[in-house]
Each structure stands twice: as structure tokens, then as C-alpha cells.
Amino acid sequence: MSEHDTLLALRDALRAFVAERDWERFHTPKNLAMALAGEAGEVIEHFQWLSADESANLPEERRAEVAFELADVLLYLVRLADVLDIDLGEAAQRKLALNAVRYPADKARGRSDKYDKL
């Protein structure tokens with residue numbers, strides 16, 4: 001199964017999950033965007049006061065917690081894209097292609113500067 005097919009399957013599973021609970025009316029773009037931001041904040045909480053080394057070497061229990069928070073972010077992102085009728089896989093591919101132009105490897109390699117500063 002391709003990554004795009006995986007996103008579509010996830011989208012369809014979310015549609016069914018939401019429909020079974022009659023939650024469509026709550027899943028407005030505004031509400032989903034706010035929930036997405038909240039879940040992203042919960043990811044950040046796990047890393048807030050860690051050193052770079054600590055953040056790269058999480059204990060297994062914390063890794064499992066982060067995995068669930070990342071899943072929440074992904075689920076809200078996929079659902080928001082669905083409600084807005086955006087093909088998330090296609091949009092990501094377009095954005096990656098744009099970033100390849102903005103950040104040519106020969107100029108960006110080893111640098112963290114924004115594209116307009118390269």
C-alpha cells in the first residue's frame with residue numbers, strides 16, 4: 001500500500017468513526033484546527049525542558065506517550081484536510097517540490113537559514 005493509499009484509508013476510517021458518533025457538526029475547520037494546535041502543544045510538552053540529547057533518547061514509556069500524541073496530530077490533520085476537501089498527500093508532494101526549489105541542496109546543505117537568506 002502506498003503512502004497516499006494509507007492516507008486515504010485513514011481518511012475513510014476517520015469518516016466512518018465520526019459518522020458513527022454523529023460528530024460531523026462539530027468537525028468544522030475552525031474546531032479541527034484548534035484541536036490540531038492543542039494536540040501539537042501536547043507533543044511539545046514532552047520535550048519542553050529536555051536537552052537536545054535527552055529529546056533524541058526518550059525513555060520507552062515517554063516514546064509511547066509521544067507516539068499517541070503524534071497520532072492525535074495526524075488524525076486531526078487528516079480530518080481537517082478531508083473537511084476542506086484537500087488531498088493531503090498531493091499537497092505534501094507539491095510542497096516538497098516547492099521546498100526543493102527554495103532550498104537547493106548545494107546552497108542549503110548544513111544550513112538552517114530560511115530560503116530567502118541562502
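For the structure itself, look to the data block above.
## What to know about helix H2 (residues 29–45)
And step 1. Relative to the 24 Å expected for 17 residues at 1.5 Å per residue, H2 spans 24 Å between its end C-alpha atoms, a close match to the ideal helical length.
And step 2. Of the positions making up H2, those classed as buried are Leu 32, Leu 36, Glu 39 and Val 43. Buried residues in H2, looked at end-on, bunch into an arc of 70°, giving them a common side. Residues of H2 that are exposed and angled more than 90 degrees away from the buried face: Lys 30, Met 34, Ala 37, Ile 44 and Glu 45.
And step 3. Where the residues of H2 are buried, they touch helix H4 (60–83).

## As for the environment of His 46
And step 1. Among the structural elements, His 46 can be located in the loop between H2 and helix H3 (52–56).
And step 2. For the pair His 46 and Ala 16, spaced 30 residues apart in sequence, the C-alpha separation works out to 31 Å.
And step 3. Once residues lying within four places of it in the same chain are set aside, the contact partners of His 46 are Arg 62, Glu 65, Val 66 and Glu 69.

## Concerning the packing of helix H1 (residues 3–21) against H4
And step 1. The geometry of H1 relative to H4 is characterised by a closest axis approach of 10 Å and an angle of 85° between their N-to-C directions. Comparing the axis directions of H1 and H4 gives the class roughly perpendicular. Taken together, the residues of H4 that come into contact with H1 (itself represented by Leu 7, Leu 10, Arg 11, Leu 14, Arg 15 and Val 18) are Leu 74, Leu 75, Val 78, Arg 79 and Asp 82.
And step 2. A per-class count over the contact of H1 with H4 returns seven nonpolar, no polar and four charged.

## Things to note about the nonpolar core
And step 1. One finds Leu 32, Leu 36, Val 43, Val 73 and Leu 80 forming the largest nonpolar core, which totals five residues.
And step 2. Examining the composition of this core, we find that three residues originate from one element, H2, more than from any other.
And step 3. Apart from residues no more than four positions distant in its own chain, Val 73 is found in contact with Leu 36, Glu 39, Ala 40 and Val 43.

## Topic: the layout of surface pockets
And step 1. Looking at the largest pocket, its volume works out to about 230 Å³.
And step 2. Taken together, Leu 14, Phe 17, Val 18, Trp 23, Phe 26, His 27, Asn 31, Leu 32, Asp 72, Leu 75, Tyr 76 and Arg 79 form the lining of the largest pocket.
And step 3. For the lining of the largest pocket, the secondary structure elements donating two or more residues are H1, H2 and H4.
And step 4. For the lining of the largest pocket, the leading source of residues is H4, giving four residues.

## Details of the environment of Gly 41
And step 1. Mapping Gly 41 onto the fold places it in helix H2.
And step 2. Owing to a relative accessible area of 26%, Gly 41 belongs among the partly exposed residues under this scheme.
And step 3. Here the alpha-carbon distance between Gly 41 and Val 73, two residues 32 residues apart in the chain, equals 9.5 Å.

## A short note on the pattern of salt bridges
And step 1. Counted under the stated rule, the structure contains nine salt bridges.
And step 2. In this structure, the salt-bridge partner of Arg 11 is Asp 12, at a minimum N-O distance of 2.7 Å.
And step 3. Through salt bridges that share partners, Arg 11, Asp 12, Arg 15, Arg 79 and Asp 82 make up one connected network.

Conventions used here
Residues numbered from 1 in each chain as written. Predicted model: local features only at pLDDT ≥ 70, side-chain atom pairs only at ≥ 80, totals over all residues. Heavy atoms only, no water. Helix = DSSP H or I, 4+ residues; strand = E, 2+ residues; numbered from the N terminus. Expected span 1.5 Å × (residues − 1). Buried < 20%, exposed > 50% of the residue type's maximum accessible area, 1.4 Å probe, protein only. Arc of directions from axis to C-beta. Contact = heavy atoms within 4.5 Å. Axes fitted to C-alpha atoms, helices over the stretch in contact; angles between N-to-C directions. Parallel < 35°, antiparallel > 145°, perpendicular 65-115°, else oblique. Nonpolar A, V, L, I, M, F, W, Y, C, P; charged D, E, K, R; others polar. Core = buried A, V, L, I, M, F, W, Y, C linked by side-chain atoms within 4.5 Å. 1 Å grid on protein atoms, 1.4 Å probe; cavity = no way out; pocket = protein on both sides within 12 Å on 5 of 7 lines; lining within 4 Å. Points joined across faces, edges and corners; volume = space filled by probe spheres on them. Salt bridge = Lys/Arg side-chain N within 4 Å of Asp/Glu carboxyl O.

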